[in-house]
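Here is what each chain is made of, one letter per residue.
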Amino acid sequence: MKLVFIGSSLAIVWCMRYHRVVRRSYDRELDTFRYWILLTACSVLALVLHEKFTLQEVFWAFSIYLEAVAILPQLVLLQRSGNVDNLTGQYVFFLGAYRAFYILNWIYRYLTEPHFTRWISCVSGLVQTALYADFFYYYFISWKNNAKLQLPA
C-alpha cells in the first residue's frame, strides 16, 4: 500500500511539473513560497523531538511534521490569488476534513487503547487542522451564501 501511495505522489508531482495542461495553469509569480524552509524546520524538529533516536523513528517524525505543514504552500498560493476555483476549494476542504476526522480517531484510540502514546501524531494533527481553520471559515461562508469562494488577499 505504501508503494501505491509513493507512486501516486510521484505521479502527481510529475504532472504538476511536466504535464502541458497543468503547467499552463501554473503561475510562477504567485508561487514564491520557500518550501526549503519547511523541509529544514521539519528535519531539525525530527532530530530534536522524536520518540526514540533510531533512523526509522527520526524519519517517521520528519514525515509527520512535514505532513502537518505541507498544505502551507497551497494555502499561501490560494490566498495570494484570492480566487479559488471549485475543484481546488473542494480538494483543500476535504484534505482538512480528513485531518479533523483523524483527531476523532485519536480520541477514540486514547479512550480504548491502554497504551496509546503517539503524541507526535496528535500534536502535529492539531497543528495541521489549525492551519486549515481560516480556509474552513471562508469555505463555509461562501457555501452558506451560495457564492464563489474568495480568500482575502
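Under the annotation held in an unreviewed UniProt entry, the protein carries the name ER lumen protein-retaining receptor and is attributed to Anisodus acutangulus. The protein has a UniProt comment under Subcellular location (unreviewed entry) that states "Endoplasmic reticulum membrane". The UniProt entry for the protein carries the following comment under Sequence similarities (unreviewed entry): "Belongs to the ERD2 family."

Novice: Is there a simple way to explain the confidence of the model for the protein in this structure?
Specialist: Residues shown with low pLDDT carry predicted positions that ought not to be read at fine detail. Scored by pLDDT, the protein comes out at a mean of 82, with 93% of its residues at no less than 70. When mean pLDDT is compared element by element in the protein, helix α3 (residues 35–48) scores highest at 91, while helix α2 (residues 20–24) scores lowest at 59.

Novice: What's the story with the UniProt feature "transmembrane region" (unreviewed entry) in the protein in this structure? I'm lost.
Specialist: UniProt's feature table lists "transmembrane region" (unreviewed entry) at residues 33–49, 58–78, 90–108 and 120–141, given in the numbering used throughout. Helix makes up 100% of residues 90–108 and strand 0%, and the two end C-alpha atoms of the span are 27 Å apart. Between the first and last C-alpha atoms of residues 120–141 the distance is 32 Å; the span itself is 100% helix and 0% strand.

Novice: How do you make sense of the environment of V44 when you look at a structure like this?
Specialist: When you line up the elements, V44 lands in helix α3. Taking C-alpha positions, V44 is 23 Å from I6, a pair spaced 38 residues apart along the chain.

Novice: Is there a simple way to think about α3 in this case?
Specialist: Residue pairs spaced three or four apart in an α-helix point in one direction, given the helix's 3.6 residues per turn. Compared with the 20 Å implied by 1.5 Å per residue over 14 residues, the 20 Å span of α3 between its first and last C-alpha is a close match. When we look at burial in α3, the residues that qualify are L38, C42 and A46. One face of α3 carries all of its buried residues, which in axial projection span an arc of 60 degrees. α3 presents W36, L47 and V48 as exposed residues on the side facing more than 90 degrees away from its buried surface. Buried positions along α3 lie against α4 (55–69) and α5 (72–81).

Novice: Help me understand the packing of aromatic side chains, please; the structure alone is not making it clear to me.
Specialist: To describe a pair of aromatic rings, you give the distance between the ring centres and the angle between the ring planes. On inspection of all chains with the given rule, the structure shows ten aromatic pairs. Geometrically, the ring pair formed by Y132 and F136 is stacked, given 5.8 Å between the ring centres and 20 degrees between the ring planes. Of this pair, Y132 and F136 both sit in helix α7 (residues 119–144), four residues apart, which is roughly one turn of the helix. Each member of the pair Y132 and F136 is classed as buried.

Novice: Just to check I follow, could you spell out the nonpolar core for this structure?
Specialist: If you look at soluble globular proteins, the nonpolar side chains tend to sit buried side by side. Listed in full, the twelve residues of the largest apolar core are I71, L75, L78, V84, V92, F93, Y132, F135, F136, Y139, L149 and L151. If you list the elements that add at least two residues to this core, you get α5, α6 (86–112) and α7. Top element by residues in this core is α7. It accounts for four residues. Those residues in contact with F135 that lie beyond four places of it in its chain are L75, L78, G89, V92, F93, L149 and L151. Of all hydrophobic cores here, the second largest spans nine residues; its members include A61, Y65, V69 and I120.

About the thresholds
Residues numbered from 1 in each chain as written. Predicted model: local features only at pLDDT ≥ 70, side-chain atom pairs only at ≥ 80, totals over all residues. Heavy atoms only, no water. UniProt positions renumbered as here; feature names shortened; annotations may be inferred. pLDDT = per-residue confidence, 0-100. Helix = DSSP H or I, 4+ residues; strand = E, 2+ residues; numbered from the N terminus. Expected span 1.5 Å × (residues − 1). Buried < 20%, exposed > 50% of the residue type's maximum accessible area, 1.4 Å probe, protein only. Arc of directions from axis to C-beta. Contact = heavy atoms within 4.5 Å. Phe/Tyr/Trp six-rings, centres within 6.5 Å; stacked < 30°, edge-to-face > 60°. Core = buried A, V, L, I, M, F, W, Y, C linked by side-chain atoms within 4.5 Å.

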